[in-house]
Amino acid sequence: MLADLYNVRSSGKSVTGECMDRYIEVFQRNAGPEANNGESLLLPTWGLVEWRKLLAMTTPCPIKASEVVIQRGVADRSLYFVAAGSFEVGVTYVDGISITPLAKISAGSVIGEQSFFDSQPRSANVWAVSDGELLCLTMEKFRKLSDAQPRLTRDLLFALGGILSLRLRNTTMRVRR
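What follows concerns the nonpolar core. Core analysis: the largest hydrophobic core is formed by 27 residues, its most contacted members being L41, W51, L54, L55, F81, L135 and L156. Sorting the residues of this core by element identifies α2 (17-29), α3 (48-55), β3 (79-84), β8 (132-137), α5 (139-148) and α6 (150-176) as the ones contributing at least two each. With 5 residues, the top contributor of residues to this core is α6. Ranked by size, the runner-up nonpolar core spans 15 residues in total, among them V69, V126, A128 and L134.

Pairing between the strands of a sheet is mediated by backbone hydrogen bonds and can be parallel or antiparallel. Taken together, 4 strands build an open sheet; the order of strands is β1-β8-β3-β6 and the sheet is antiparallel. Strands at the two margins of the open sheet, each flanked by one partner only, are β1 (59-63) and β6 (110-111).

Phi angles above zero are rare outside glycine, and S66 is one such case at about 75°. Within the secondary structure layout, S66 lies in the loop between β1 and β2 (68-70). Residue S119 is not a glycine yet carries a positive backbone phi of 65°. By the secondary structure assignment, S119 is in the loop between α4 (113-118) and β7 (125-128).

Applying the stated criterion across every chain yields a total of 10 salt bridges. The salt bridge partner of E39 is R167, with a shortest N-O separation of 2.5 Å. Highlighted residues: E39 in the loop between α2 and α3 and R167 in helix α6, separated in sequence by 128 residues. On the basis of relative accessibility, which here comes to 14%, the residue E39 falls in the buried class. R154 is the partner of D155 in a salt bridge, and the nearest nitrogen-oxygen pair spans 2.9 Å. Owing to a relative accessible area of 44%, R154 belongs among the partly exposed residues under this scheme.

A few words on α3. Residues of α3 that are buried include every one of E50, W51, L54 and L55, and no others. End-on view of α3: buried residues confined to an arc of 120°, all on one side of the axis.

Turning to its location among the elements, S78 is positioned in the loop between β2 and β3. Within the local environment of S78, its side chain forms a polar contact with the side chain of D76, the two groups lying 3.1 Å apart.

Moving on, we come to the pairing of β1. Residues T59, C61 and I63 line the buried face of β1, whereas the alternating positions P60 and P62 sit on a face that is not buried. Bridge analysis of β1 against β8 gives 5 bridges, and the strand direction is antiparallel. Paired with T59 across the strands is C136, a residue of β8.

This part takes up the sheet that holds strand β5 (residues 99-106). Read across the sheet, 4 strands follow the order β2-β7-β4-β5 without closing on themselves; strand pairing throughout is antiparallel. Edge positions in the open sheet fall to β2 and β5, since each of these has one partner strand only. Strand-to-strand, the axes of this sheet are offset by a mean angle of 35°, without reference to chain direction. Two elements, strand β4 (residues 86-92) and β7, share 4 bridges in a ladder whose sense is antiparallel. Among the inter-strand pairings, G90 is bridged to a residue of β7, identified as N125.

This part is about the packing of α2 against α3. Where α2 contacts α3, the two axes come as close as 10 Å, and the packing angle between them is 115°. Taken together, the axes of α2 and α3 are roughly perpendicular relative to one another. Judged by the twist between their axes, the crossing of α2 over α3 is right-handed. Where α2 approaches α3, its residues M20, D21, Y23, I24, F27 and Q28 are matched on the opposing element by L48, W51, R52 and L55. Looking at the contact of α2 with α3, its residues break down into 7 nonpolar, 1 polar and 2 charged.

Conventions used here
Residues numbered from 1 in each chain as written. Predicted model: local features only at pLDDT ≥ 70, side-chain atom pairs only at ≥ 80, totals over all residues. Heavy atoms only, no water. Core = buried A, V, L, I, M, F, W, Y, C linked by side-chain atoms within 4.5 Å. Buried < 20%, exposed > 50% of the residue type's maximum accessible area, 1.4 Å probe, protein only. Helix = DSSP H or I, 4+ residues; strand = E, 2+ residues; numbered from the N terminus. Pairing = 2+ DSSP bridges. Salt bridge = Lys/Arg side-chain N within 4 Å of Asp/Glu carboxyl O. Arc of directions from axis to C-beta. Polar contact = N/O pair within 3.5 Å; in protein donor to acceptor, adjacent residues only side chain to side chain. Axes fitted to C-alpha atoms, helices over the stretch in contact; angles between N-to-C directions. Parallel < 35°, antiparallel > 145°, perpendicular 65-115°, else oblique. Left-handed = near helix turned anticlockwise from the far one by under 90°. Contact = heavy atoms within 4.5 Å. Nonpolar A, V, L, I, M, F, W, Y, C, P; charged D, E, K, R; others polar.

Purely geometric stuff here, so don't read any function into it on its own.
See below:
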């Protein structure tokens with residue numbers, strides 16, 4: 001299953017046409033302050049043009065329920081935009097069997113942001129709770145985007161930083177309890 005995700009990601013088939021419009025609608029709907037729970041990619045000033053430029057650099061990855069999409073310890077800097085479905089982030093206990101869910105991620109958000117920023121192996125497992133679709137942005141494609149669209153990339157990085165900050169704060173709150 002995980003190998004299939006990496007194969008799709010490396011296939012290079014970018015988002016186009018009607019699919020792109022559907023994805024843009026998902027992210028725009030979740031981008032407004034009234035709909036934002038802090039987990040959504042908050043880019044309220046972006047219009048269709050900006051979203052198209054970003055999503056054109058991604059590769060769609062259809063996901064089935066219970067599929068592991070990110071595996072702890074794997075070296076991969078790809079960032080995934082959640083276009084559809086619901087995902088859980090968790091860690092495996094020392095026994096290798098028990099899994100503790102840490103967070104739920106839904107459409108309009110991202111996964112993989114920590115390794116995207118720090119180049120370290122994945123720190124947790126992520127699996128699909130329902131069928132869904134991820135849009136994969138590899139580091140190579142991100143670099144091309146940043147060269148061609150520095151303002152757009154700056155906006156994206158600040159939005160990702162906001163999500164990362166919220167997730168760190170939530171983790172800190174759980175540790176304090």
